[in-house]
Amino acid sequence: MTYLRLLQHRTTDGVRSVILAEGDAAHVLSGVTSVRELALRAIAAGETLAETARACKQGEAVDIRGEFEAGRLLAPIDHEDPAHLILSGTGLTHLGSAEGRDKMHRDAMASEKQTDSMRMFLEGLEGGKPAPGEVGQQPEWFYKGDGSQLVGPHDPLLMPAFAKDGSEEPEVAGIYIVAEDGTPYRIGFALANEYSDHVTERHNYLWLAHSKLRQAALGPELLLGPAPAGIEGTSRILRDGKTLWEKPFLSGEANMSHTIANLEHHHFKYGLFCRPGDVHVHFFGTATLSFSDGVTTQEGDVFEISAFPFTLPVSNPLARAEERAVAVRAL
């Protein structure tokens, strides 16, 4: 099966374009500068995004791997006003995903009692895949920030100066746009590094919200249409050009305790997430963490995540932001 993908490209002099890729072939779409613009055009025309993309005049052919290696591919979605792009996600959604979390949280409660993480995971196993037309168990939900926190496939992931840790989370993210009538549309899926501070979370699970206020990275490709039921990939950490840690990861509904539709319902049931024109990047969770294997990352490490059917990885070095003074002044 050949998968249709959209990519966003920017030349060294700042000119933007959108690339349509199918198999090994790729070409620029004439007259389009952003995926968001193309998605709004598809909604207005009552077409799928794939139909609208294919109807565009073909521009020059592109070697997307060469453009990726040259650092000219952007995140596959953005918004000209970053305040109108929302990063959020769900956790404990994958089969086996409770193990790593439970290791962090079990000491916070008596050993004879289930942790809150395990309880939520088991509730998802029981009710996360409802029958059509029914509403299933709601998942854990978290907020990561707005579009200012979204970085591209090669950009550094910045730890705040006060961060205790910076660790990868290999995931698939759903990408959405809200139409003028308030209807959310899923425009595709992207490979992602949701990236969190697990040391902060481990200190007290009530600090999960703090630990998630970090940047996130997307791979360059927006996969159109339904996602494969099973997605198999590899997550690795490189240090000084050598592999420090490597592990396979699984995603897709076949490896999840929730359906994607159920996760989408419990996000967009809130009216504040149905504001016309807004873009949403929603991370679906993972079961594979280097932190659970005792890995301590350091500045300069590179997180590399790859998975079929995406043909390009997301590969980001870890860096630390400079300390910023915080001073509130009274008016």
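Computed from a predicted structure; not experimentally measured.

### Quick notes on the side chain of His282
For step 1, the next point in the chain: Positionally, His282 belongs in strand 15 (residues 279-283).
For step 2, the next point in the chain: Residue classification places His282 among the buried positions, given a relative accessible area of 2%.
For step 3, the next point in the chain: Engagement of the side chain of His282 in a polar contact is seen with the side chain of Ser88, the distance being 2.8 Å.
For step 4, the next point in the chain: Contact partners of His282, with chain neighbours within four places excluded, come to Ser88, Gly89, Thr90, Trp141, Val172, Ala173, Gly174, Tyr176 and His267.

### Quick notes on unusual backbone geometry
For step 1, the next point in the chain: A cis amide bond, omega 15°, links Phe308 with the succeeding residue Pro309.
For step 2, the next point in the chain: On the secondary structure map, Pro309 appears in the loop between strand 16 (302-308) and strand 17 (314-320).

### Describing the pairing of strand 15
For step 1, the next point in the chain: With 5 of 5 residues buried, strand 15 is to be regarded as a mostly interior element.
For step 2, the next point in the chain: Residues of strand 15 alternate between two faces, with Val279, Val281 and Phe283 on one and His280 and His282 on the opposite face, all of them buried.
For step 3, the next point in the chain: Relative to strand 15, strand 5 (residues 85-91) is paired through 5 bridges, and the arrangement is parallel. Opposite Ser88, over in strand 15, you have His282 as the bridge partner.

### Thoughts on the packing of aromatic side chains
For step 1, the next point in the chain: Using the criterion set out here, one finds 6 aromatic pairs in the structure.
For step 2, the next point in the chain: When the ring of Trp141 is compared with that of Phe273, the centres are 5.7 Å apart and the planes differ by 25°; the resulting orientation is stacked. Of this pair, Trp141 sits in strand 6 (residues 140-146) while Phe273 sits in the loop between helix 8 (260-268) and strand 15; the two residues are 132 residues apart in sequence, bridging distant segments of the chain.
For step 3, the next point in the chain: Residue class for Trp141 comes out partly exposed when judged on its relative accessible area of 37%.
For step 4, the next point in the chain: Ring pairs connect the aromatic residues Trp141, Tyr270 and Phe273, which therefore count as one cluster.
For step 5, the next point in the chain: Across the ring face of Phe142, the terminal group of Lys212 is positioned such that the distance to the ring centre comes to 4.4 Å.

### What about helix 1 (residues 35-45)?
For step 1, the next point in the chain: Among the residues of helix 1, those classed as buried are Val35, Arg36, Leu38, Ala39 and Ala42. Taken end-on, helix 1 shows its buried residues confined to a sector of 160°, consistent with a single buried face.

### Details of the pairing of strand 13 (residues 231-239)
For step 1, the next point in the chain: In this structure, strand 13 lies alongside strand 14 (residues 242-251), joined through 9 bridges in antiparallel fashion. Bridging from a neighbouring strand, Thr234 pairs with Pro248 of strand 14.
For step 2, the next point in the chain: Here strand 13 hands over to strand 14 after 2 residues, with Asp240 in that stretch at a positive phi of 55°.
For step 3, the next point in the chain: Here strand 13 pairs with strand 16 via 7 bridges, running antiparallel.

### Quick word on the side chain of Asn193
For step 1, the next point in the chain: For Asn193, the location among the structural elements is in strand 10 (residues 184-193).
For step 2, the next point in the chain: Reaching out from Asn193, the side chain makes a polar contact with the backbone nitrogen of Glu169 at a distance of 3.0 Å.
For step 3, the next point in the chain: Polar contacts involving the side chain of Asn193 include one to the main-chain amide nitrogen of Tyr195, which spans 3.2 Å.

### Some words on the environment of Ile86
For step 1, the next point in the chain: Its location among the elements puts Ile86 in strand 5.
For step 2, the next point in the chain: Under the relative-accessibility criterion, Ile86 is labelled buried at 10%.
For step 3, the next point in the chain: Other than its neighbours up to four places away in sequence, Ile86 contacts Tyr143, Gly145, Phe273, Asp278, Val279, His280 and Val281.

### Describing the pattern of salt bridges
For step 1, the next point in the chain: Using the criterion set out here, one finds 16 salt bridges in the structure.
For step 2, the next point in the chain: Residue Glu22 pairs with Arg54 through a salt bridge whose shortest N-O separation is 2.9 Å. One end of the pair, Glu22, is in strand 2 (residues 16-22); the other, Arg54, is in helix 2 (residues 49-55), with 32 residues separating them in the sequence.
For step 3, the next point in the chain: Salt-bridge contacts for Glu246 lead to Arg236; the nearest nitrogen and oxygen are separated by 3.0 Å. One end of the pair, Glu246, is in strand 14; the other, Arg236, is in strand 13, with 10 residues separating them in the sequence.
For step 4, the next point in the chain: Residue classification places Glu246 among the partly exposed residues on the basis of a relative accessible area of 43%.
For step 5, the next point in the chain: Through salt bridges with shared partners, one network takes in Lys144, Glu169, Glu194 and Lys212.

Rules of the game
Residues numbered from 1 in each chain as written. Predicted model: local features only at pLDDT ≥ 70, side-chain atom pairs only at ≥ 80, totals over all residues. Heavy atoms only, no water. Helix = DSSP H or I, 4+ residues; strand = E, 2+ residues; numbered from the N terminus. Buried < 20%, exposed > 50% of the residue type's maximum accessible area, 1.4 Å probe, protein only. Polar contact = N/O pair within 3.5 Å; in protein donor to acceptor, adjacent residues only side chain to side chain. Contact = heavy atoms within 4.5 Å. Pairing = 2+ DSSP bridges. Phe/Tyr/Trp six-rings, centres within 6.5 Å; stacked < 30°, edge-to-face > 60°. Lys NZ or Arg CZ within 6 Å of the ring centre and 35° of its normal. Arc of directions from axis to C-beta. Salt bridge = Lys/Arg side-chain N within 4 Å of Asp/Glu carboxyl O.

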